[in-house]
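Spelled out, the chains give:
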Amino acid sequence: MSLENPLPLAVSRGLGEVSTSFSSRSSFSSSTAKFETKAPARTVLEAVAEFELPKISALPPSVRSSFRSLAVSTVSDSQTLVYIGTHGGKIILLSLDPSSVVDTNSSYSTVENQTGFEASSSKKLTYMRSLSVSDCSVDSIHECVEIGKILVLSDGFLFLLDLHLLQPIRRLNFPRGTTVVARRLRGSESTSSDLLGDGVPWSELSIPGQRFLQKLGGGIRANSMKHRDYESPREGNCVVAVAVGKRLVLIELLLPDRTGRTDSGADSGEIFIVLKEIQGVGGVTTMVWLDDSIIVGTVNGYTLFSCVTGQSSPLFSLPDTSSPPCLKPLVKDHNVLLFVDNVGIIVNAVGQPVGGSLIFRYVPDSVGEMSSYVIVVKDGSMDLYHKKTSLCIQSLHFAMEGVSPCIVANEESGNGEFVVFATPAKAFCFRKVSSEDQIKDLLRKKNFKEAISLVEELECEGELTKEMLSFVHAQVGFLLLFDLHFEEAVNHFLQSETMEPSEIFPFIMRDPNRWSLLVPKKRYWGLHPPPLPLENVVEDGLMTIQRAVFLRKAGVETASNEGFLLNPPSTSELLESAIQNMIRYLRVCRDKDLALQVREGVDTLLMYLYRALNLVDDMEQLASSENNCVVEELESLLDDSGHLRTLAFLYASKGLSSKALAIWRILAKNYSSGLWKDPAVEQSNQDTGASVISGKETAAIEASKLLEELSDQDTVLQHLGWIMDVDQELAVRVLTSEKRAHQLSPDEVVSAIDPKKVEILQRYLRWLIEEQDSDGTQFHTLYALSLAKSTLEVVEMESSYRTTVAGKFEEANTSDAENVTILQSPVRERLQQFLQSSDLYDPEEVLDLIEGSELWLEKAILYRKLGQETLVLQILALKLEDSEAAEQYCAEIGRPDAYMQLLDMYLDPQDGKEPMFKAAVRLLHNHGGSLDPLQVLETLSPDMPLQLASDTILRMLKARLHHHRQGQIAHFLSRVINIDTKLARLEERSRNVQINDESLCDSCHARLGTKLFAMYPDDSIVCYKCFRRQGDSVSVTGRNFKREIIIKPGWLVDR
């Protein structure tokens, strides 16, 4: 993979660019060095200590040379050691107590309140001691955590030192010319290969010759790789790669007790083992060893070597004009950062790029790592970049001259809390600001979006929990709330899974109240004031805005919202926005699983907010639905504000039906008085043509819904009257409702119904009789009487109408029209149907009521109920002239004399009416066959025209003769059958049966001999004793001849 020309200079410096202007206010000779922050988005590093060579009097003059290398090691919770290598070959040991560094909050206040802060105000790095390693510069210092030693590269040699520089220096007997050293880094989830699979037992290493060869690195060469047949690296030992000339040597540094040496010639007991050699690697200037991969950098580019096979593969080629190669192991991610000029490329252990590239402002002198950040330094500047976003998070500039080159070092073990930055004569120790403090700092600066992004980022990286994310969302919400950004505040509240709805109760209702004890005593980070009612929040916020406007006019910059400063909102607008967003939050909270008291607070305060904005529809919807509102808290509020409908709905939802009905009754009566707006009246004024229910009807409808389910009879009957006055249909629904648990007493209901409300009474009685199957005679009679009265009223109305139009129409036509109208009346149809279907009313009472009327069909039905057949026939035949109905009634009677009685009525109608010959002829034609011709002839009137009756009488006579002859035929046929039956019986009785001495009884199997016996029709024979026991109807076979009759062919009549 070649990268000859990575990026144009302009492009590479344009991405993630930070201002490069340097301050030179103070010179190096100044007693105090200052460094500035370049307006960071947030503070990740804070200075906690410093060290300056000219100020340390304990240092001998020979040690006072410029710094060349750095290393940081945390040996305990109370001590962090800093190793500084100088150009004079000396190592300076500094110490810092992490628990005694300055307070984070004080550092923040220093950074925020001035453009630069004094590094000398921090705690000093304590000078412990120094040690001379060689006469040349100390090129690199490495902490070997596995063996608790410091590995130093100086003058081409490797030296081992103890952590506190107390023991003598031990130089490794290794060929001179070492240029680069890299410690092997193993990932937590990676599996490193065994460098030596066929090791030799350590007991064999006790031979001095082998130990000497071991130190000198003698051994067998194969495939350009020197190999030692010794044991593979053991856990607890340090394995490093050393670049010597044109080869890479892999050695293992051992602890003193791992060598197994017993000779007294060992100075300090350390020993190293040459594990492998890789030939043909020259010009190495930087190197990193991850797992089984060794990445080396030369002037030509980067190459990856396998420590197992020794094979190499090129990664990147460097242009001729590029800066020297630079590698930085990213220990946390177990990756490597490769530099091509000012571009950093992150690759994994096998050389594959991961993530995006990092573009820096300059080619760094040194590179460090801390958590998720990469630190680069150059010319007195230190920049902090995020690995994933490649953004510059923090930039520090040291306002001194002659500070190049700079060095930065971080802890490669431990928690990686400290970073040391060094110029040639001064060192600064920085500590990572905790995540919580970073978030607080952003919130103090009102960088809310950056704070949330940081929390989400830390959560993804596993440094913060999901609960902390919810915590920060809630904290941001409260800060925005006091900044008057109510919509954004509620958005953050809704994203917080740990925030409790009761936390906003104090913003809506003043303390003390019913829910004061439910409000959790959370102050979060104390960044916002204590909860206040929304009115006070708005007032305080507006005062803050006014103060900011005044300060801006005076030339003082503030952190207030720019939009508010340019166009300050009014109090009413802000308060309305606050209430609307609080409503939005409480609506969402209603769907959560909350404690009962909290649910009560949510719904009650939601009603408060609805009322504040006069959201009548929302108030009524909340009150009418399932809710947890506290009625005692809302009664006086809704009553005083005139929201009686909402109060009625609320009473109903809480089971206080009597109070709800009382309110609906008041509303129904007072709509017309002007106390409340009637929607029907307003609609008529607007004349839009749409159908709108009036206020009275609305009140009656809502009251009827309650009464339909109410079983309290007194309450139902109490409110029944005014509902009947508004809408009779609703009153009927209330009385006939089947939703209630216990039905009302019919007697009480009938007594309570206004006699003038005839339709309500009739519909209730009809429901009682037809659907409730009531068998009370009084209800059936009352229903019949009520229908009869209504029918009489209709007849009277028709009669009045007939009198009015008498001058325009003829009498007959008017009468016909009247009859048709009356017969088509629904009330009369219901009366007739009920009189026919019911047998439980008192017919005499109904007859007394309609006796003098023209309701002849109803009278006929009643007389029929009383069994007065003659009156029924008279009405049907003479009054109604319904011959078909009269004949049908005669058929129901079932006696021939009924037809003769009807014929007499047709021929002699009485009361001066003409005989009804056509009806008589029709009767004779339909039923003449069942009448006695002689009686008919005697009954016929002499005035009856012969041509009308001749055909009928002739048919009657023919039918009579035919009937007579048919009778004779039937008579003679039955005589024949009788004679044949007698003959068959005689033949059956004259049958003979032969019995001998061997004949047995079919029942008891006794010999019959001369005994009496009997024979059944199925030819079974039994002795007389068995016959007496069996009987004459059941044979010994079990056949019952009375049930299973035997028919023999000879018995059938074949004539």
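Our structure's up above, just so we're on the same page.
Bear in mind that the values here come from a model prediction, so they are computed numbers and not experimental data.

Omega for the peptide link from aspartate 511 to proline 512 comes to -5 degrees, which places this bond in the cis form. Tracing the chain through its elements places proline 512 in the loop between helix 8 (505-508) and helix 9 (534-553). Residue serine 371 is not a glycine yet carries a positive backbone phi of 55 degrees. With a phi angle near 55 degrees, aspartate 773 is a residue other than glycine that sits in the positive phi range. Within the secondary structure, aspartate 773 is located in the loop between helix 22 (758-770) and helix 23 (777-804).

On to the sheet that holds strand 11 (residues 157-162). The four strands are arranged 9-10-11-12 in an open sheet whose pairing can be described as antiparallel. Pairing within the sheet leaves two strands with one partner each, and these edge strands are strand 9 (138-144) and strand 12 (170-171).

Right, let's talk about the pairing of strand 24 (residues 335-340) for a bit. Across the six residues of strand 24, six count as buried, placing the element largely inside the fold. Of the two faces of strand 24, the one carrying Asn335, Leu337 and Phe339 and the one carrying Val336, Leu338 and Val340 are both buried. Looking at chain direction, strand 23 (residues 326-330) and strand 24 are connected through five bridges and run antiparallel. The residue bridging proline 329 from the neighbouring strand is valine 336, located in strand 24.

A word on the pairing of strand 2 (residues 45-52). By the criterion of burial, strand 2 is predominantly enclosed, with eight of the eight residues buried. As judged from the seven bridges shared by strand 2 and strand 33 (residues 426-432), these two strands associate in the antiparallel manner. What sits directly across from glutamate 52, in strand 33, is lysine 426.

Let us look at a nonpolar patch on the surface. On the surface, Val993, Phe1013 and Met1015 cluster together to form a nonpolar patch covering roughly 210 Å² of accessible area. Among the structural elements, valine 993 can be located in the loop between helix 33 (946-989) and strand 34 (1013-1015). Classification of valine 993 as partly exposed rests on a relative accessible area of 35%.

With respect to the helices, strands and loops of the structure, leucine 153 is situated in strand 10 (residues 149-154). By relative accessible area, which is 2% here, leucine 153 ends up buried. The spatial distance from the C-alpha of leucine 153 to the C-alpha of histidine 142 is 8.5 Å, given a sequence separation of 11 residues. Not counting chain neighbours up to four residues away, the residues in contact with leucine 153 comprise Ser137, Val138, Asp139, Ser140, Leu158, Thr178, Thr179, Val180 and Val181.

Next up on the list: the pattern of salt bridges. Inspection of every chain in the model, using the stated rule, returns 38 salt bridges. Of the charged contacts in the structure, one is a salt bridge between glutamate 146 and arginine 183, with a shortest N-O distance of 3.2 Å. Of this pair, glutamate 146 sits in the loop between strand 9 and strand 10 while arginine 183 sits in strand 13 (residues 178-185), and the two are 37 residues apart along the sequence. The class for glutamate 146 is partly exposed, based on a relative accessible area of 27%. The shortest N-O distance in the salt bridge between arginine 828 and glutamate 858 comes to 2.6 Å. Of this pair, arginine 828 sits in helix 25 (residues 826-837) while glutamate 858 sits in helix 27 (residues 856-866), and the two are 30 residues apart along the sequence.

So, how was this worked out
- Residues numbered from 1 in each chain as written.
- Predicted model: local features only at pLDDT ≥ 70, side-chain atom pairs only at ≥ 80, totals over all residues.
- Heavy atoms only, no water.
- Helix = DSSP H or I, 4+ residues; strand = E, 2+ residues; numbered from the N terminus.
- Pairing = 2+ DSSP bridges.
- Buried < 20%, exposed > 50% of the residue type's maximum accessible area, 1.4 Å probe, protein only.
- Patch = residues over 30% accessible without salt bridge, like charges linked within 9 Å, V, L, I, M, F, W, Y side chains within 5 Å.
- Areas by Shrake-Rupley, 256 points an atom, 1.4 Å probe, with all protein chains shown as cover.
- Salt bridge = Lys/Arg side-chain N within 4 Å of Asp/Glu carboxyl O.
- Contact = heavy atoms within 4.5 Å.

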